[in-house]
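# Fold and contact review
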Amino acid sequence: MAQWGKWLWYHRNYIIVILTPILFLPLPLVINTPQARCGYAIILMALYWCTECIPLAVTSLLPIVLFPMMGIMQGGEVSIEYLKDSNMLFIGGLLVAIAVERWNLHKRIAIGVLLLVGVRPALLMMGFMLVSAFLSMWISNTATTAMMLPIAQAVLQQLKATEARADERDFQAAAEDNHAFELETKQTNQQEETHEKQQVGKTQLDENIHETPQHESVADSHLDLKIKARDQKYEHLTKGMSLSVCYSASIGGTATLTGTTPNLILKGQVDKIFPGNGDVINFASWFAFAFPNMLLMLVLSWLWLQLMFLGVNLKKSFGCGVNSDRDKEAYAVMKEEYRKLGRMTFAEWAVLTIFTLLVILWFTREPGFMDGWATVLFNKEAQFVTDGTIAIFMSMLFFAIPSQMPVFGFDEEGKMRKAPPALLNWEVVHERMPWNIILLLGGGFALAAGSEKSGLSKWLGESLAPLESIPSFAISLLLCLLVATFTECSSNTATTTLFLPILASMATAIKLHPLYVMIPCTISASLAFMLPVATPPNAIAFAFAKLKVMDMVKAGAMLNIIGILTINLGINTWGYSMFQMHTFPAWANISHDQP
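Here the structure is a predicted model, which is why all the values come from computation and not from measurement.

## Digging into the overall build of the chain
Helix and strand counts for the chain come out as 28 helices and zero strands. Buried positions account for 47% of the 595 residues belonging to the chain. Contacts spanning at least 24 positions in sequence make up 79% of the contacts within the chain whose residues lie at least 6 apart.

## Re the pattern of salt bridges
Overall, the coordinates contain 10 salt bridges when judged by the stated rule. We note a salt bridge from K267 to D279, for which the minimum N-O separation is 3.2 Å. Highlighted residues: K267 in helix α13 (residues 261-273) and D279 in the loop between α13 and α14 (283-309), separated in sequence by 12 residues. Residue K267 shares its accessibility class with D279, and that shared class is buried. Sharing partners across several salt bridges, the network here consists of K267, D271, D279, R365 and D387.

## Section: unusual backbone geometry
One non-glycine residue, K511, adopts positive backbone phi at about 60°. As for its placement among the helices and strands, K511 is situated in the loop between α24 (492-509) and α25 (514-524). Taking relative accessible area as the criterion, K511 reaches 48% and is therefore assigned partly exposed.

## Here we look at the packing of aromatic side chains
Throughout the structure, instances matching the rule amount to 17 aromatic pairs. Relative to W362, the ring of F283 has its centre 4.4 Å away and its plane inclined at 20°; by these criteria the two rings are stacked. Taken together, the positions of F283 in helix α14 and W362 in helix α17 (residues 346-365) put the pair 79 residues apart, joining distant regions of the chain. Of the two residues, F283 and W362, neither departs from the other in class, the shared state being buried. Aromatic side chains W426 and W435 sit 6.0 Å apart centroid to centroid with 45° between the ring planes, which places their arrangement in the tilted category. Residue classification places W426 among the partly exposed residues on the basis of a relative accessible area of 49%. W435 gets classed as partly exposed once you look at its relative accessible area, which sits at 33%. Taken together, the ring pairs connect F134, W138, F283, F287, F291, F355, W362 and F363 into an aromatic cluster. Positioned above the aromatic ring of W9, the side-chain terminus of R12 is 3.9 Å from the ring centre.

## Describing helix α9 (residues 105-117)
With 13 residues, α9 extends 19 Å between its outermost C-alpha atoms, agreeing within 8% with the 18 Å of an ideal straight helix rising 1.5 Å per residue. Within the span of α9, buried status applies to L105, H106, R108, A110, I111, G112, L114 and L115. Positive backbone phi, approximately 105°, marks G118, located one or two places after α9.

## Details of the nonpolar core
The biggest cluster of nonpolar side chains holds 152 residues, and the ones touching the most others in it are F128, M148, Y247, L515, V517, M518 and I519. When residues of this core are assigned to their parent elements, the largest contribution, 11 residues, is made by α14. With residues near it in sequence (within four places) discarded, M148 still touches A110, L114, F128, V131, S132, L135 and V245.

## Overview of a nonpolar patch on the surface
On the surface, a nonpolar cluster with roughly 770 Å² of combined accessible area is contributed by Y14, I18, L19, I22, L23, F24, I43 and L47. When residues of the nonpolar patch are traced back to their parent elements, those giving at least two are α2 (12-23) and α4 (34-51). At five residues, α2 tops the list of elements feeding residues into the nonpolar patch. Inspection of the secondary structure puts L19 in helix α2. Looking at L19, the relative accessible area reads 41%, which means it is partly exposed.

What counts, and at which threshold
- Residues numbered from 1 in each chain as written.
- Predicted model: local features only at pLDDT ≥ 70, side-chain atom pairs only at ≥ 80, totals over all residues.
- Heavy atoms only, no water.
- Helix = DSSP H or I, 4+ residues; strand = E, 2+ residues; numbered from the N terminus.
- Buried < 20%, exposed > 50% of the residue type's maximum accessible area, 1.4 Å probe, protein only.
- Contact = heavy atoms within 4.5 Å.
- Salt bridge = Lys/Arg side-chain N within 4 Å of Asp/Glu carboxyl O.
- Phe/Tyr/Trp six-rings, centres within 6.5 Å; stacked < 30°, edge-to-face > 60°.
- Lys NZ or Arg CZ within 6 Å of the ring centre and 35° of its normal.
- Expected span 1.5 Å × (residues − 1).
- Core = buried A, V, L, I, M, F, W, Y, C linked by side-chain atoms within 4.5 Å.
- Patch = residues over 30% accessible without salt bridge, like charges linked within 9 Å, V, L, I, M, F, W, Y side chains within 5 Å.
- Areas by Shrake-Rupley, 256 points an atom, 1.4 Å probe, with all protein chains shown as cover.

See the structure below:
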């Protein structure tokens with residue numbers, strides 16, 4: 001029986017793939033309506049996504065097969081959903097991230113900030129969290145974590161080695177002082193004692209000689225205890241530092257529209273479900289809401305991790321102006337790492353310039369409080385230029401600008417100098433671009449379109465109408481808790497893809513501003529802090545620091561609560577005013593059974 005159970009476990013993916021469609025087949029057969037057929041497709045995809053019995057991207061392609069065969073949408077209509085403006089924004093953002101990583105600009109920024117912060121434990125943790133959060137706003141949180149953890153380990157190892165040498169010096173100095181004191185006492189006794197007492201002194205000396213090994217044994221035991229305590233201290237500190245890096249990478253990604261996939265899914269879903277929304281979610285508006293929320297979440301998370309792994313000894317953690325030899329040696333390690341990077345190259349300056357221009361263009365395209373450059377030049381009649389347009393245009397420059405300043409002339413061998421390579425080439429992009437995410441985004445848009453077309457969205461909205469009697473803040477809080485729990489065992493992409501269309505339908509049915517529930521739940525999908533399998537940064541930190549599952553659960557459970565509370569604080573204060581949550585917008589007042 002045990003062998004059969006093991007065999008079933010080994011083959012569980014194949015069993016799920018085959019049995020799931022058969023078990024739920026009565027739904028579209030018995031209730032032969034478009035809503036039931038679309039519901040069958042969504043249930044199938046949800047279970048495949050949650051169990052990952054087949055790759056997530058492959059599951060995302062199911063609407064192309066199921067919707068036409070079930071008479072929900074035509075094949076051409078489904079296929080066109082897989083390459084929307086949000087996908088272009090995602091591709092452009094990733095091309096920038098790939099260029100930054102290729103020329104090590106992110107490492108230069110990281111070590112530069114850490115040199116400014118210092119190496120005291122609490123400040124060091126703060127520095128790593130700030131750098132990880134900032135980098136993950138622009139590059140993937142997985143790449144950020146993978147880069148920052150080795151730097152953290154190198155600094156902690158140097159701190160530990162320096163402390164060990166200092167303890168060894170202190171121990172030797174104490175031993176020498178003790179030996180000198182014994183010699184001085186012995187000489188004084190020899191001068192003052194008589195011939196008769198010398199014999200007694202000799203006897204006592206013999207006893208002291210026999211006791212010396214015992215004293216050495218006690219001293220060695222004391223040293224061993226100190227070494228053990230130091231090892232435990234740095235093992236604990238390594239856990240805290242590793243968790244701070246992976247958690248802040250996940251938190252930082254929520255601050256920008258391109259920082260993490262759920263944010264882009266929200267924009268795509270809002271544009272799809274509410275086409276007349278007037279570009280309510282763009283890079284500038286998202287940043288204005290999410291960046292303060294990210295900072296608040298980061299500070300509270302740092303305080304919790306500080307309390308959990310470093311305690312409340314402010315003098316020990318912050319140093320209060322003390323700059324010991326140990327700190328100087330650890331600081332020298334980071335300085336040496338920065339020195340190895342050398343001077344900034346032409347390629348780094350070029351990437352930094354393009355990156356800076358891209359961010360400026362994103363912020364000024366449609367700032368909200370005034371007409372942006374895109375409105376004045378292109379968007380007077382319609383939304384011709386979007387954030388995706390800017391992202392693709394600027395990222396194309398990486399393929400057109402050389403990585404070195406072109407030089408006319410001949411080399412040492414008398415040959416004409418060849419043109420330098422561009423900042424990016426397609427081989428590098430093809431290797432590093434996560435193409436599967438583009439299909440995941442497309443699958444979500446296809447699901448939303450199918451729900452709309454079949455009338456499932458309207459049916460769900462009407463079914464959830466009784467929620468209108470519950471206070472809106474309670475609805476938001478409960479939904480955030482549900483999404484944050486769900487995302488621990490499912491990818492944040494799949495979670496947002498499944499939940500957002502349902503939330504949009506619910507909000508429309510109860511006449512609640514759709515963004516009041518969609519924005520908090522989107523950010524909550526990134527609060528995967530409790531399990532190693534919840535997100536790649538967690539898995540990297542788990543393996544790197546040799547953590548136990550309970551280490552992550554204890555630290556992450558509180559961070560989940562902190563995250564949910566800060567998100568709801570933000571949506572009920574500055575977010576409430578920014579997105580005019582007190583009214584039900586005209587663009588949301590649509591019929592869900594529109595073609």
